[in-house]
Amino acid sequence: MTKRCSTAAIVGYLVLAAFVPAAWTQARELYQQTQYKGQEIGKLTGDVYYARMDDYVSAFMVTSEGIILVEPIGTEMAAWLKTELARRFKVPVKYVIYSHSHWDHASGGSVYADTARFIGQENLLKNIAMPPAGTALPQNVRAQDTNGNGRIEREEAQGNIRAQFDLYDANKDGVLTGAEVTRGPIANVRAPDVTYTDRMNVYLGGKRVEIISRPIPHADDNTLVRFVDGTNVLFASDWITVRRLPFGQIGEAETPMVKAVEAMDFEFFICSHGALGKKADVTANIHYREELRAAVAKAIAAGQTVEQAQKSVLMEAYKDWDFYEQQRPQNVAGMYRSLTAK
Ligand SMILES: [Zn+2]
C-alpha cells in the first residue's frame, strides 16, 4: 500500500515536471492566507465534491466518463489534485472550467492538458492577451522603476512584483515592461480551448453542467457553474462570499446581481474562498449588502463625509464574519461613493 502510494506520487511529480518548468511554479505562500489550512477533498452531494488548498476552494463532478473541474487554482494544487483524483476515482479530468482569469484561480491548468479541454468566457481571452507594447507601467508600480527606464528590472522589483517576477515575465527576458506588469502574473494561465458568450452546457457521462456568464465589477469574464442532475451545487468565484465580508469597494449595483444568483435553483453554494455554503449564505450576503446600503444612506442623509461614515457604520451584526476589520471600511466607502454618484 505504502509502495503503491509513493509510486503514484513519483509518477505525479514526473507528469508535473513535464508540464511546469521549475522557474514557473508558484509558491502556495503567495496565495491569500486565512484560518483555512491544508489540502483536502470532501463530498458535497451526489457526485459533486469540493477540493481545498488553504483558503481556496474548487468543485468538481465525477462521472463514468471523467471529471468536470472548476478552476485549477495553481500549479501546486493542480499537481496534488490530479494525483488524488486519479487515485480515488480512476477517471481523467475531461473539462476544466475557468471562473475568471485572475492568477490565483486560473493558474495551473496545463497540469490537466493531457486529458482535459479548457472552457472560459470569451472576455478571458482579452484579459490574458498581452497589452500593446507601448503600455506604460501602472501608476502604483512606477516607484519601483528606480533607474527610470520605464521597465522593472529583476533587481528593482519589490513586493508582489518581486515574488511573482517570473509569472509576470511572459517573454522570460528578465525585465518587465508596462505591458507585462499590466497583464498580470499569469504565466501559468493556460488559454481556454473553448470560449462561450452567454451560456453553455457540458454533457459528460450522462450528466450536465451549466456554465453561465455573469460579468461583475470584479471580473468581466466571470463565470458561474451549476452542477445539475440532482446535485444542486452552484459555484461562484470571489464575489458572493460566505460568512465573510465582500471584498473592496462594493456598490449598490451588485446587489440585484447577487439576488439573481439567489433565485437560481441550487442548494449547496461554493464561493472560491473560505467556508462551504448553502443558499442561505447567499441570502445572508444579500442582507449584508442591503443593511450596508441602508446604514450608509442614513449617514449620507445626516451629512456625514465618507470618512465619518467609515467610523459610524459599524455593521455590528456581522462582527463574526471573516475580514470584518479589513473590509468594512472599504465596503462603506464603496457604498458611499455608489450612492452619492447619482
Ligand atoms: Zn478574482
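Computed from a predicted model, the values in this text were never measured in an experiment.

Let's talk about the coordination of the zinc ion
All of the protein donors around the zinc ion are His 100 (NE2), His 102 (ND1), His 218 (NE2) and Asp 238 (OD); their distances to the metal are 2.1 to 2.2 Å. Taken together, the 4 donor atoms coordinating the zinc ion and their angles of 81 to 175° define a geometry best described as irregular.

Side note on helix H8 (residues 255-262)
Each α-helix turn comprises 3.6 residues. Residues three or four places apart therefore point the same way. Every buried residue of H8 is accounted for by Thr 255, Val 258 and Val 261. Down the axis of H8, the sector holding all buried residues measures 115°, keeping them to one side. The secondary structure elements touched by the buried residues of H8 are strand E12 (223-227), strand E13 (233-236) and helix H9 (279-301).

Concerning the sheet that holds E12
Spatially, the 6 strands line up as an open sheet ordered E10-E11-E12-E13-E14-E15, and their pairing is mixed. If you trace the sheet from one side to the other, it starts and ends with strand E10 (199-204) and strand E15 (277-278), each paired once. Strand direction decides the pairing type here: strand E14 (residues 268-271) and E15, joined by 2 bridges, are antiparallel. The partner of Phe 269 across the bridge, within E15, is Gly 277.

Things to note about the packing of H9 against helix H11 (residues 324-340)
Contact geometry of H9 with H11 gives a least axis separation of 9 Å together with a crossing angle of 65°. Relative to H11, the crossing made by H9 is right-handed. Residues Tyr 288, Arg 289, Leu 292, Arg 293, Val 296, Ala 297 and Ile 300 of H9 form the contact with H11, whose participating residues are Asn 331, Val 332, Met 335, Tyr 336, Leu 339 and Thr 340. Residue composition of the contact of H9 with H11, by class: 9 nonpolar, 2 polar and 2 charged.

Thoughts on the nonpolar core
Phe 60, Ile 67, Leu 81, Leu 85, Phe 89, Val 93 and Tyr 112 are the most contacted members of the largest nonpolar core, which totals 30 residues. Sorting the residues of this core by element identifies strand E2 (48-53), strand E3 (56-63), strand E4 (66-70), helix H2 (75-89), strand E5 (93-97), helix H3 (103-106) and helix H4 (123-128) as the ones contributing at least two each. If one sorts the elements of this core by residue count, H2 sits on top with 5 residues. When sequence neighbours within four positions are dropped, the list of residues in contact with Val 93 reads Ile 67, Leu 69, Leu 85, Tyr 112, Thr 115 and Ala 116. Counting residues in each nonpolar core, the second largest holds 24 residues, with Ile 97, Met 200, Val 209 and Ile 211 among its members.

As for the pairing of E5
Here E5 lies mainly inside the structure; 4 of its 5 residues are buried. Where E4 lies against E5, 4 bridges are found, and the strand directions are parallel. Its bridge partner lying in E5, Ile 67 is registered against Val 93. A crossover links E4 with its parallel partner E5, the connecting element being H2, and its sense is right-handed.

Observations regarding the sheet that holds E2
One open sheet accounts for 7 strands, arranged E1-E2-E3-E4-E5-E6-E9; its pairing is mixed. With partners counted over all chains shown, the strands left at the sheet margins are strand E1 (39-45) and strand E9 (194-196), one partner each. Within the sheet, the average angular offset between the axes of one strand and its neighbour, ignoring direction, is 25°. Contacts from H2 reach E1, E2, E3, E4 and E5, with the element oriented near 55° to E1.

Things to note about the packing of aromatic side chains
One pass over the full model with this rule turns up 11 aromatic pairs. Between Phe 60 and Phe 89, the ring centres sit 5.8 Å apart and the planes meet at 70°, which makes this aromatic pair edge-to-face. Here Phe 60, found in strand E3, pairs with Phe 89, found in helix H2; they are 29 residues apart in sequence, far enough to count as distant. Using a relative accessible area of 18% as the deciding quantity, one classes Phe 89 as buried. Here the aromatic residues Tyr 31, Tyr 56 and Trp 103 are joined through ring pairs into a cluster of three or more. Its guanidinium or amino end placed over the ring of Phe 266, Lys 279 lies 4.6 Å from that ring's centre, counting from NZ or CZ.

Rules used in this analysis
Residues numbered from 1 in each chain as written. Predicted model: local features only at pLDDT ≥ 70, side-chain atom pairs only at ≥ 80, totals over all residues. Heavy atoms only, no water. Donors = N, O, S within 2.8 Å, 3.2 Å for Na, K, Ca; no water. Tetrahedral: all angles 85-135°; square planar, octahedral: opposite > 155°, others 65-115°. Buried < 20%, exposed > 50% of the residue type's maximum accessible area, 1.4 Å probe, protein only. Helix = DSSP H or I, 4+ residues; strand = E, 2+ residues; numbered from the N terminus. Arc of directions from axis to C-beta. Contact = heavy atoms within 4.5 Å. Pairing = 2+ DSSP bridges. Axes fitted to C-alpha atoms, helices over the stretch in contact; angles between N-to-C directions. Left-handed = near helix turned anticlockwise from the far one by under 90°. Nonpolar A, V, L, I, M, F, W, Y, C, P; charged D, E, K, R; others polar. Core = buried A, V, L, I, M, F, W, Y, C linked by side-chain atoms within 4.5 Å. Right-handed = clockwise from strand over helix to strand, strands pointing away. Phe/Tyr/Trp six-rings, centres within 6.5 Å; stacked < 30°, edge-to-face > 60°. Lys NZ or Arg CZ within 6 Å of the ring centre and 35° of its normal.

By themselves, these observations are geometric and do not establish any function.
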